[in-house]
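Structural characterization, general
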Amino acid sequence: MRWQGQRIDDTDAQALPGMENRTGFLRTVTTPDFAGMTFHEVLAKSALNHVPGPSKMPFSWTVNPYRGCSHACSYCFARGTHTYLDLDAGRDFDSQIVVKVNVVETLEKELRHGSWRHETVALGTNTDPYQRAEGRYRLMPGIIRALAESGTPFSVLTKGTLIRRDIPLLVDAAAQVPVDVQLSIAMFDETLREAIEHGAPSTQARLDTVRALSDAGFRVGVFLMPILPHLTDSVNAIDGALRRIREAGADHVIYGALHLRAGVKPWFLQWLSEHRPDLLSSYRALYPGAAAEAPKDYRQWLGRRVKPLIRMHGLEALHSDDRPARARRTAPERVVRTPEPSAMLF
Ligand code: SF4
């Protein structure tokens, strides 16, 4: 365990590389309760991150209490950000988690600032706020309270069933400000889910969470993303997924094909070579060189396949590219009335 200076104005020479000027490094923690994981506790100078514009995102601000994510999805677009800390985008991203332990106090201070315009804040757009670390640090209750009490609308996107702990808080918050809740569920074959998202809760546990949130009065969105070419894009796979999503009580579905940004592509292709080497050449053809998106033809083909199925199941369909324009919400509602997908693409 290492202790460092706690003044956040200091440049911390022993902080994680890349964090010297932004954080005060406190200590590194390992504990038997979280075997295989290391938490790097830091004091962040800011909690609200502005989304650089112009952006297609339906929000201008994000809060990310953690960097790295123990859900360990092989396709995670955020992996590349870990290299800014001189940690690798693979195993380190899954197990070396930076924790902004003062995020609540910092956020409260920023929300009190006279210039704050109460624009929508998105939680879960970079890494998952209900990953395992949240069980130890319990940062989300303070974040939810701070946003609600300041009159700031917000959205939460997660794979974490731990969100169920905070349902009463979310219900209270939704009485004060608009609150969107979305679960990310894209793998409906448990063997594939275990292989590709081995640190995340099971598919059924996430569907049960949709049910719990729906029963609490939320119109829950499900991110059916990423849809994986040749793995989860068959009619049977999509139809079966949508049936279970509908049965769980979801309101709408945001779908999209796999993105493979530069920081994640090597890790995903490595995963593919270990688990489905027969598909490697197909993926290299679909995502050649620096291409992050599947070809337009494939995406259009996927839309023609997915949209009618979503409607057939009585759900509203949104594509990840069809996000609504940013808009400040001013009229608080008891529950969300307008689906508003957030930025996290997977
Ligand atoms: S895709 Fe989301 S849940 Fe999965 S590792 Fe990345 S941030 Fe975590």
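As recorded in an unreviewed UniProt entry, the protein chain goes by the name Radical SAM superfamily protein, listed as coming from Microbacterium azadirachtae.

With that settled, consider the overall build of the protein chain. Within the protein chain, the secondary structure is distributed over 11 helices and 12 strands. In the protein chain, the share of contacts with a sequence separation of at least 24, taken over all contacts with a separation of at least 6, comes to 75%. Summing over all exposed atoms, the protein chain offers an accessible surface of approximately 14100 Å²; the carbon and sulfur share of this is 50%.

Right, let's talk about the pattern of salt bridges for a bit. Pairing of side chains with opposite charge becomes possible as their charged atoms draw close. Tallied over the full model, the rule gives 13 salt bridges. Between Arg165 and Glu134 there is a salt bridge; the shortest N-O distance is 2.7 Å. On the criterion of sequence distance, the pair formed by Arg165 in the loop between strand S8 (154–158) and helix H5 (167–174) and Glu134 in helix H3 (residues 133–137) is long-range, its members being 31 residues apart. Among the residues examined, Arg165 registers a relative accessible area of 25% and is labelled partly exposed. In this structure Glu134 comes out as buried when scored by relative accessible area, which is 0%. Across the pair Arg299 and Glu293 runs a salt bridge whose closest N-O atoms are separated by 3.6 Å. With a relative accessible area of 31%, Glu293 lands in the partly exposed category. Within this structure, Glu134, Arg165 and Asp166 form a network of salt bridges that share partners.

A word on the sheet that holds strand S4 (residues 61–63). Taken together, the eight strands give an open sheet; going across it, the order is S3-S4-S7-S8-S9-S10-S11-S12, and neighbouring strands pair in mixed fashion. Looking along the sheet, the strands with just one partner apiece sit at the ends: strand S3 (48–50) and strand S12 (316–319). The mean inter-strand angle of the sheet, taken between neighbouring strand axes irrespective of direction, is 25°. Both S8 and strand S9 (residues 179–184) contribute to a ladder of five bridges, which runs parallel. Of the residues in S9, the one forming a bridge with Ser155 is Asp180. Strands S4, strand S7 (121–123) and S8 of the sheet are contacted by helix H4 (residues 140–149), whose axis makes an angle of about 165° with S7.

Given 3.6 residues per helical turn, the α-helix brings residues three or four places apart onto the same face. An ideal rise of 1.5 Å per residue puts 18 Å on 13 residues; helix H8 (residues 235–247) measures up with 18 Å between its terminal C-alpha atoms. Of all the residues in H8, the buried ones are Ile238, Gly240, Ala241, Leu242 and Ile245. Structurally, H8 contributes buried residues whose contacts are with helix H7 (203–215), strand S10 (221–227), strand S11 (252–257) and helix H11 (296–312). Looking at the residues trailing H8, positive phi occurs at Gly249, about 100°.

What follows concerns the pairing of S8. When you tally the buried positions in S8, you get five out of five residues, the bulk of the element. Alternating positions in S8 separate into two faces, Phe154, Val156 and Thr158 on one and Ser155 and Leu157 on the other, with burial throughout. In this sheet, S8 lies alongside S7 in parallel orientation, the contact comprising three bridges. Its bridge partner lying in S8, Val121 is registered against Phe154. In this fold, S8 hands off to H5, which returns the chain to S9; that crossover is right-handed.

With respect to the helices, strands and loops of the structure, Arg206 is situated in helix H7. Each residue touching Arg206, except ones within four places of it in the same chain, is listed here: Lys159, Thr161, Leu183, Ser184, Ile185, Arg193, Glu197, Ala200 and Pro201.

What follows deals with the nonpolar core. Generally speaking, a soluble globular protein has its nonpolar side chains buried in company with each other. One finds Ile143, Phe154, Leu170, Ile245, Phe268 and Tyr283 to be the most contacted residues of the largest nonpolar core, which totals 93 residues. It is H4 that contributes the most residues to this core, six residues altogether. Beyond its immediate chain neighbours, meaning those up to four positions away, Leu170 contacts Ile144, Phe154, Val156, Ile163, Val179, Val181, Leu213 and Phe218.

Right, let's get into the side chain of His82. Tracing the backbone through its elements, the reader meets His82 in the loop between strand S5 (66–67) and helix H1 (91–95). Owing to a relative accessible area of 0%, His82 belongs among the buried residues under this scheme. When neighbours within four sequence positions are excluded, His82 is seen to be in contact with Arg67, Gly68, Leu87, Asp88, Asp92, Phe93 and Gln96.

For the structure on display, the rule yields seven aromatic pairs. With 5.7 Å between their ring centres and 40° between their planes, Phe268 and Tyr283 make a pair best called tilted. Of the two residues, Phe268 sits in helix H9 (residues 265–275) while Tyr283 sits in helix H10 (residues 280–286), which places them 15 residues apart along the sequence. Tyr283 matches Phe268 in its accessibility class, with the two residues each being buried. Three or more aromatic residues joined by ring pairs form one cluster here, namely Phe268, Trp271, Tyr283 and Tyr287.

Procedures and definitions
- The numbering scheme is per chain: residues are counted from 1 as the chain's sequence reads.
- pLDDT decides what is reported in this predicted model: residues at 70 or higher carry local features, side-chain atom pairs at 80 or more are listed and counted, and totals for whole chains, interfaces and linings draw on all residues regardless.
- No hydrogens and no water enter the side-chain calculation; it runs on all heavy atoms of the structure.
- Under the scheme used here, helices are H or I runs from DSSP no shorter than 4 residues and strands are E runs no shorter than 2 residues, and both carry numbers assigned from the N terminus.
- Here, two residues are considered to be in contact whenever any of their heavy atoms come within 4.5 Å of each other.
- Per-residue and other accessible areas were derived by the Shrake-Rupley procedure at a 1.4 Å probe size, with only the shown protein chains allowed to occlude residues.
- Whenever a carboxyl oxygen of Asp or Glu lies within 4 Å of a side-chain nitrogen of Lys or Arg, that contact is scored as a salt bridge.
- Under the scheme applied here, a residue whose accessible area is under 20% of the maximum for its type counts as buried, over 50% as exposed, and between as partly exposed, the area being computed with a 1.4 Å probe on protein chains only.
- Strands are labelled as partners when DSSP assigns at least two bridges between them.
- Lines fitted to the C-alpha atoms define the axes, with helices restricted to the stretch that makes contact. Angles between their N-to-C directions range from 0 to 180 degrees.
- By this rule, a helix spans an expected 1.5 Å times one less than how many residues it contains.
- Handedness rule for crossovers: strands pointing away from the viewer, path from the first strand over the helix to the second running clockwise, crossover right-handed.
- Among buried residues, the Ala, Val, Leu, Ile, Met, Phe, Trp, Tyr and Cys ones that are joined through side-chain atoms within 4.5 Å form a nonpolar core.
- In this scheme Phe, Tyr and Trp rings, the latter by its six-membered ring, pair at centre separations within 6.5 Å, and the angle between planes marks the pair as stacked below 30 degrees, edge-to-face above 60, and tilted otherwise.

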